[in-house]
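Architecture and fold: a report
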Amino acid sequence: EEAPEVEETNVAMPAKVIAATPQIVAATADLQKVLLDMADWHTMFASWRQAAAFYKEVFQLQDLLPETEQLDLSQPALLLSPRVTLPKPPLLTDRLPQEIGFVRLSLDVQRSGRVRNMVTAETFPDDKMVFKVRKSTREAVFRPALAKGETIITPAHVFTYQYPFFPSRTARAAQEKA
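Residues numbered from 1 in each chain as written. Predicted model: local features only at pLDDT ≥ 70, side-chain atom pairs only at ≥ 80, totals over all residues. Heavy atoms only, no water.

**Points about the pairing of strand β3 (residues 115-124)**
Note the threshold: A pair of strands is considered paired only if DSSP assigns at least 2 bridges between the two. Each helix is a run of H or I in the DSSP string that is no shorter than four residues. Each strand is a run of E no shorter than two, and both are numbered from the N terminus.
By the bridge criterion, seven bridges tie strand β2 (residues 99-109) to β3 in an arrangement that is antiparallel. Directly across from D108, in β3, lies its bridge partner R116. Where β2 hands over to β3, the hairpin turn is made up of five residues, of which G113 adopts a positive phi near 90°.

**Topic: the sheet that holds β3**
Using the following cut-off: Fitted lines through C-alpha atoms give the axes, limited to the stretch in contact for helices. The angle between two N-to-C directions lies from 0 to 180 degrees. The contact criterion used throughout is that any non-hydrogen atoms of two residues lie within 4.5 Å.
With antiparallel pairing, the three strands of this open sheet are ordered in space as β3-β2-β7. The sheet is open, and its two borders are formed by β3 and β7 (154-165), each paired with just one other strand. Averaged over neighbouring strand pairs, the angle between their axes works out to 20° when direction is ignored. Running at roughly 150° to β3, helix α4 (residues 130-138) makes contact with β2, β3 and β7 of the sheet.

**Comments concerning the packing of aromatic side chains**
Quick reminder of the rule: Each pair of aromatic rings taken from Phe, Tyr and Trp, with Trp reduced to its six-membered ring, is defined by centres within 6.5 Å and is described as stacked if the planes are under 30 degrees apart, edge-to-face if over 60, and tilted in the remaining cases.
For the coordinates displayed, the defined rule picks out six aromatic pairs. With a centroid separation of 5.6 Å and an interplanar angle of 85°, the aromatic rings of F142 and F159 are classed as edge-to-face. Of the two residues, F142 sits in strand β4 (residues 141-143) while F159 sits in strand β7, which places them 17 residues apart along the sequence. Grouping aromatic residues by their ring pairs yields a cluster made of F102, F124, Y161, Y163 and F165.

**Comments concerning the packing of helix α2 (residues 22-45) against helix α3 (residues 48-62)**
Just so we agree on the cut-off: Throughout, the term roughly parallel applies to angles under 35 degrees, roughly antiparallel to angles over 145, roughly perpendicular to angles from 65 to 115, and oblique to all others. We call a crossing left-handed when the near helix sits turned anticlockwise from the far one by less than a right angle, and right-handed when that turn is clockwise. Charged residues are taken to be Asp, Glu, Lys and Arg, nonpolar residues to be Ala, Val, Leu, Ile, Met, Phe, Trp, Tyr, Cys and Pro, and polar residues to be all remaining types, Gly included.
One way to put it is that α2 packs onto α3 with a least axis distance of 8 Å and a crossing angle of 160°. Between α2 and α3, the crossing angle belongs to the class labelled roughly antiparallel. For the element pair α2 and α3, the recorded crossing hand is left-handed. Here α2 contributes T28, L31, Q32, L35, L36, M38, A39, D40, H42 and T43 to the contact with α3, which in turn contributes W48, Q50, A51, F54, Y55, E57, V58, L61 and Q62. Class assignment of the residues belonging to the contact of α2 with α3 gives a composition of eleven nonpolar, six polar and two charged.

**Concerning unusual backbone geometry**
Rules: Using a 1.4 Å probe on the protein chains alone, a residue whose accessible area is under 20% of its type maximum counts as buried, one over 50% counts as exposed, and one in between counts as partly exposed.
In this model, F124 is joined to P125 through a cis peptide bond whose omega is 5°. Take P125: it is sitting in the loop between β3 and α4. A positive phi angle, close to 50°, is found at N117, a residue other than glycine. Structurally, N117 is set in strand β3. Overall, the relative accessible area of 56% leaves N117 in the exposed class. Backbone geometry at A156 places phi at a positive 55°, although glycine is not the residue there.

**Notes on the side chain of D94**
For clarity, the threshold we go by: Note on charges: Lys and Arg go in the positive column, Asp and Glu in the negative column, and His and the chain ends are not counted at all. One speaks of a salt bridge when a side-chain nitrogen belonging to Lys or Arg is within 4 Å of a carboxyl oxygen belonging to Asp or Glu.
With respect to the helices and strands, D94 occurs in the loop between β1 (77-80) and β2. Although D94 lies buried, it forms no salt bridge, and the closest oppositely charged side chain, R169, sits 5.0 Å away as judged by the N-O distance. If we skip the residues at most four places from it in the chain, D94 touches P167, S168, R169 and T170.

**Observations regarding the pattern of salt bridges**
Pairing between side chains of opposite charge can happen when their charged atoms approach one another. All told, the structure shown has four salt bridges when counted by the stated rule. A salt bridge links E150 to K56, with the shortest nitrogen-to-oxygen separation between them at 3.3 Å. Placement of the pair is E150 in strand β6 (residues 150-152) and K56 in helix α3, with a sequence separation of 94 residues. Among the residues examined, K56 registers a relative accessible area of 35% and is labelled partly exposed. Put simply, R172 and E99 hold a salt bridge, and the shortest N to O gap is 3.1 Å. Of this pair, R172 sits in helix α5 (residues 169-177) while E99 sits in strand β2, and the two are 73 residues apart along the sequence. Look at R172 and you get partly exposed, because its relative accessible area is 25%.

Take a look at the structure:
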């Protein structure tokens, strides 16, 4: 006696095959983004331990997505930072065209997303913004990096804060003479 023929459905298919259908890939990617938003919210405003559980779910969804749809969670990402007051521009008659300055910091991002062991690595055009940027970054919250589904400490993470400024024509001339 022959066995009855069984109709195949998506339910019987392995996870990798299901993920290959465009609708399932899109739904999985959307779910992953929603869970990532929830994890980020918990990191910023609630419990980092609850956030870690959401991040773990996000990480597990990576396996169901094609490589082109996967998120890069290997490095910290800035989520929340207090506003930095920009430098006061010189008078219009003494003002050169706007430029971009920066303060580059090396810092450890903890599993909770908080910052420790901050060191100023480089500044441009000078160090006048260092205090303001360091103060803001000290209070900042980062999305922690993930490895194997767990939040990890990221030592010596390089963070660059960029800001617009107007150089002074007089100060620039004095610099060039020196």
